[in-house]
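Fold and geometry: a report
Next come the chains, spelled out residue by residue.
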Amino acid sequence: MVFIGTTVIGLEDASIKETKGKLYSPGRISFEKIPENPLTMDTIYKLITSFEFKDLKDIIKQINETEIVLSGTYKCMCKRTGKQDFNSMILEHEIGRIIDKKNKGLEYSRDDPETIIYIDVLDNKLNLGILKERNLSKREYRFHLHNQTTPTLVASSTIKYLNIQKNESLLCIDCKDGVVPIEATLQNIEIIAQDSNPNNIRNAEINAKLAKKEIEFQLKNIDQIEASPNYIITQIIFSKDKKGPHKKINDIFQFAKRNMKNKMAIITNHPEDIKIFCPKEIKLTEQRDIRHGGLNLTIQIYSL
């Protein structure tokens with residue numbers, strides 16, 4: 001039995017570690033057993049078939065050739081990414097029509113189906129499966145959100161990717177609404193969280209309380225932080241049309257040069273601008289372009 005989990009494109013290693021699985025395709029991991037309380041995936045389905053296609057007509061042909069045995073009630077659900085000559089509703093209808101023909105007595109149920117046929121389309125590849133879990137990245141604690149909030153899957157996957165050990169600490173600089181530190185505590189990681197904005201600290205504390213997590217949020221400037229963490233994580237998103245956060249970038253690097261013991265992860269939309277401020281004592285060891293929803297970001301890993 002093969003399961004597929006969807007995750008952040010470019011950060012699949014985190015889900016591979018979580019599931020002990022392997023890369024199936026961009027943003028998709030295959031594995032044999034669903035982990036307890038998965039944190040780095042959004043959707044999990046049992047795979048029926050997988051294929052590349054040219055157009056809708058080709059999809060219909062290949063689905064017609066696929067054995068799909070169901071009973072009870074069902075509905076189809078499509079998640080589509082990329083440009084195709086059809087929309088999700090058309091694909092759900094066409095595949096549902098084929099399933100009806102293959103299974104006499106099967107009944108459609110919009111609101112309470114026993115089985116959900118999941119149609120996962122990425123560019124010109126289609127995976128068909130039976131849905132097992134969905135909306136795993138939807139966290140109930142996300143109440144007061146910053147306008148540059150870090151998506152939970154990006155936060156949890158970046159933290160998992162850093163491979164932080166039990167006796168090691170993580171510092172989140174500019175924690176904003178607290179999503180990154182909360183995701184760290186969900187992975188049982190020792191976390192220190194800093195932000196210089198009182199409103200951010202207040203919102204982060206509310207979100208942490210909703211998550212039932214005890215986190216120390218420090219209302220300080222970067223140069224006032226008293227910590228020597230093993231790892232640092234921060235998100236620096238800005239517009240080039242406006243004055244960039246150049247002083248903040250420099251302050252983060254200077255703090256890392258003095259205090260960091262291992263690695264620093266920076267999530268950003270302008271990686272080339274970040275590199276300019278990197279001191280010679282710190283090296284950019286890895287850079288990954290990631291895609292999640294409508295976001296295209298870069299994660300840079302710096303080491304001493």
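Use the structure listed above.
Here is a short report on the structure shown in this document. The shown structure was predicted, so the numbers you read here are calculated from the model rather than taken from an experiment.

So, about the overall build of the protein chain. Of regular secondary structure, the protein chain possesses 8 helices and 15 strands. Dimensions along the principal axes, computed over C-alpha positions, put the protein chain at roughly 70 × 40 × 35 Å. Relative to its 304 residues, the protein chain shows a buried fraction of 54%. Intrachain contacts of the protein chain at a sequence separation of at least 6 include 71% that bridge at least 24 residues. When the accessible surface of the protein chain is summed, it comes to about 15600 Å², and 45% of that surface belongs to carbon and sulfur atoms.

Before going further, it helps to examine helix α5 (residues 179-186). Counting buried residues along α5, 7 of its 8 residues qualify, which places the element largely inside the surrounding structure. Among the residues making up α5, those that are buried are V179, V180, P181, I182, E183, A184 and T185. On its buried face, α5 sits against α4 (152-162), β9 (169-173), β10 (190-195), α6 (198-210), β11 (217-219) and β12 (231-236). Positive backbone phi, approximately 60°, marks N188, located one or two places after α5.

Compared with an ideal rise of 1.5 Å per residue, which puts 15 residues at 21 Å, helix α3 (residues 88-102) spans 21 Å between its outermost C-alpha atoms and is within 8% of the ideal. Here α3 has its buried residues at L91, E94, I95, G96, I98 and I99. Contact partners of the buried residues in α3: α2 (56-64), β5 (73-81), β7 (115-122) and β8 (125-133). Backbone nitrogen of M89 and a side-chain oxygen of the N-cap are separated by 3.2 Å at the start of α3; the cap is N87.

Here we take up the sheet that holds strand β1 (residues 3-6). Overall, mixed pairing links the 8 strands, which are arranged β2-β3-β1-β4-β8-β7-β5-β6 in an open sheet. In the strand order of this sheet, the two ends are held by β2 (22-25) and β6 (107-108), each with one partner. Summarising the sheet, β5 and β6 pair through 2 bridges and their orientation is parallel. Following the sheet pairing, T73 is matched in β6 by E107. Where helix α1 (residues 12-19) meets the sheet, its contacts fall on β2 and β3 (28-31), and the angle it forms with β3 comes to roughly 15°. Of the strands in this sheet, β4 (43-52) and β8 are in contact with α2, which crosses β4 at around 105°.

The description of two helices packed together rests on the angle between their axes and the distance between the axes. Where α4 contacts α5, the two axes come as close as 9 Å, and the packing angle between them is 50°. Taken together, α4 and α5 sit at an angle that is classed as oblique. Remark: the crossing between α4 and α5 carries right-handed chirality. Along its contact with α4, which presents T152, A155, S156 and I159, the element α5 presents V179, V180, E183 and A184. Of the residues contributing to the contact of α4 with α5, the split by class is 5 nonpolar, 2 polar and 1 charged.

A word on the state of the cysteines. Tallied over the entire structure, the rule returns 0 disulfides. Free cysteine C175: the closest other cysteine sulfur is in C172, separated by 5.5 Å. Given a relative accessible area of 4%, C175 falls into the buried group.

Rules used throughout
Residues numbered from 1 in each chain as written. Predicted model: local features only at pLDDT ≥ 70, side-chain atom pairs only at ≥ 80, totals over all residues. Heavy atoms only, no water. Helix = DSSP H or I, 4+ residues; strand = E, 2+ residues; numbered from the N terminus. Buried < 20%, exposed > 50% of the residue type's maximum accessible area, 1.4 Å probe, protein only. Contact = heavy atoms within 4.5 Å. Areas by Shrake-Rupley, 256 points an atom, 1.4 Å probe, with all protein chains shown as cover. Expected span 1.5 Å × (residues − 1). Polar contact = N/O pair within 3.5 Å; in protein donor to acceptor, adjacent residues only side chain to side chain. Pairing = 2+ DSSP bridges. Axes fitted to C-alpha atoms, helices over the stretch in contact; angles between N-to-C directions. Parallel < 35°, antiparallel > 145°, perpendicular 65-115°, else oblique. Left-handed = near helix turned anticlockwise from the far one by under 90°. Nonpolar A, V, L, I, M, F, W, Y, C, P; charged D, E, K, R; others polar. Disulfide = S-S within 2.5 Å.

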